[in-house]
Amino acid sequence: MYKGNRFSQLGNNINIITSATGDVNGDNALDYVFLTGIKTPNSGFIRDITLNIKDGKTGLMQSIKLSSDEGYGPTLFLGDFTGDRIKDIFISIASGGSGGTMFHYLFSDENNNIKLIFDYEDYNNKYNYKEEFRNYYQVMVKNLELGTRFILDITYKGIDYLNEIYKPNGELKEPINGWVDPLSGLYPIDFDGNGIYELLGYQSISGRYHADSLGYVQSVLKWNGKKFYLMDQYIAIFGTSP
């Protein structure tokens, strides 16, 4: 169950940003999970974001400060991601940067033992990409970790765009390399309908400059008993208006 409780004052400028209730330690009692932080005056920026868990049966309080502990609009979601029928704790924070990147963490707290089971930085560091424009209106995006390649047909970008990059015969005027951003979104989705959530990630594909958006790398992550693995990956491109 999810409920909002934004900016309730705790004193010393610390606020409850958002909260949720659910059994996160496996004792069949509802626990109270909440994020605290310090709100910047006249701004949505929040710093010192901290995860807090109050055991619904014993009253035990646990707190853990996040590695990336400042940003905008922190959200909290409780759901079973590992299949043990105990709710895990999923946190998302907007960085506020021009790239629209997000910070994401997933914690388990079985038997009041907090464990970080997904860290956005580990994911971003593991999966790197090579992106290059090719002749005849194509862009190649390669996942360097897996060796998988995607070919984008960019004729949908329109003749004016293409004329800036390509000669009349379809050859590139000069080499162009783009890039794939870090995670700009990660969402819990139960693809199998079995009550166990997977993660759906989005990473923006940029061309000559950041605003030259070509689409998204979409990744499905699933728990394999020890860690999340990349179960599936595909590309979504932008279409044109009729």
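In this report, the structure presented in the accompanying data block is examined. The shown structure was predicted, so the numbers you read here are calculated from the model rather than taken from an experiment. (Residues numbered from 1 in each chain as written. Predicted model: local features only at pLDDT ≥ 70, side-chain atom pairs only at ≥ 80, totals over all residues. Heavy atoms only, no water.)

## A word on the nonpolar core
- Core analysis: the largest hydrophobic core is formed by 51 residues, its most contacted members being Ile89, Ile91, Phe118, Phe133, Ile154, Leu199 and Phe228.
- Every residue in contact with phenylalanine 228, bar those within four places of it in the chain, is listed here: Phe81, Leu106, Ile117, Phe118, Leu199, Leu221, Lys222 and Trp223. (Core = buried A, V, L, I, M, F, W, Y, C linked by side-chain atoms within 4.5 Å. Buried < 20%, exposed > 50% of the residue type's maximum accessible area, 1.4 Å probe, protein only. Contact = heavy atoms within 4.5 Å.)

## Structural notes on the pattern of salt bridges
- For the coordinates displayed, the defined rule picks out 10 salt bridges.
- We note a salt bridge from lysine 157 to aspartate 212, for which the minimum N-O separation is 3.4 Å. On the criterion of sequence distance, the pair formed by lysine 157 in the loop between β13 (148–153) and α2 (159–165) and aspartate 212 in the loop between β16 (198–206) and β17 (213–223) is long-range, its members being 55 residues apart.
- Under the relative-accessibility criterion, lysine 157 is labelled partly exposed at 25%.
- Of the charged contacts in the structure, one is a salt bridge between arginine 208 and glutamate 164, with a shortest N-O distance of 2.9 Å. Linking arginine 208 in the loop between β16 and β17 with glutamate 164 in helix α2, this pair joins segments that are 44 residues apart in sequence.
- Here arginine 208 falls in the partly exposed class, since its relative accessible area comes to 27%. (Salt bridge = Lys/Arg side-chain N within 4 Å of Asp/Glu carboxyl O. Helix = DSSP H or I, 4+ residues; strand = E, 2+ residues; numbered from the N terminus.)

## Let's talk about the layout of surface pockets
- Of the volumes computed, that of the largest pocket is approximately 250 Å³.
- In terms of lining, the largest pocket is formed by Leu116, Ile117, Phe118, Asp119, Asp122, Tyr123, Lys126, Tyr127, Leu221, Lys227, Phe228 and Tyr229.
- Contributions of two or more residues to the lining of the largest pocket are made by β10 (115–119), α1 (120–126) and β18 (228–237).
- Among the elements that line the lining of the largest pocket, the one with the most residues is β10, at four residues.
- Considering only residue class, the lining of the largest pocket consists of eight nonpolar, no polar and four charged. (1 Å grid on protein atoms, 1.4 Å probe; cavity = no way out; pocket = protein on both sides within 12 Å on 5 of 7 lines; lining within 4 Å. Points joined across faces, edges and corners; volume = space filled by probe spheres on them. Nonpolar A, V, L, I, M, F, W, Y, C, P; charged D, E, K, R; others polar.)

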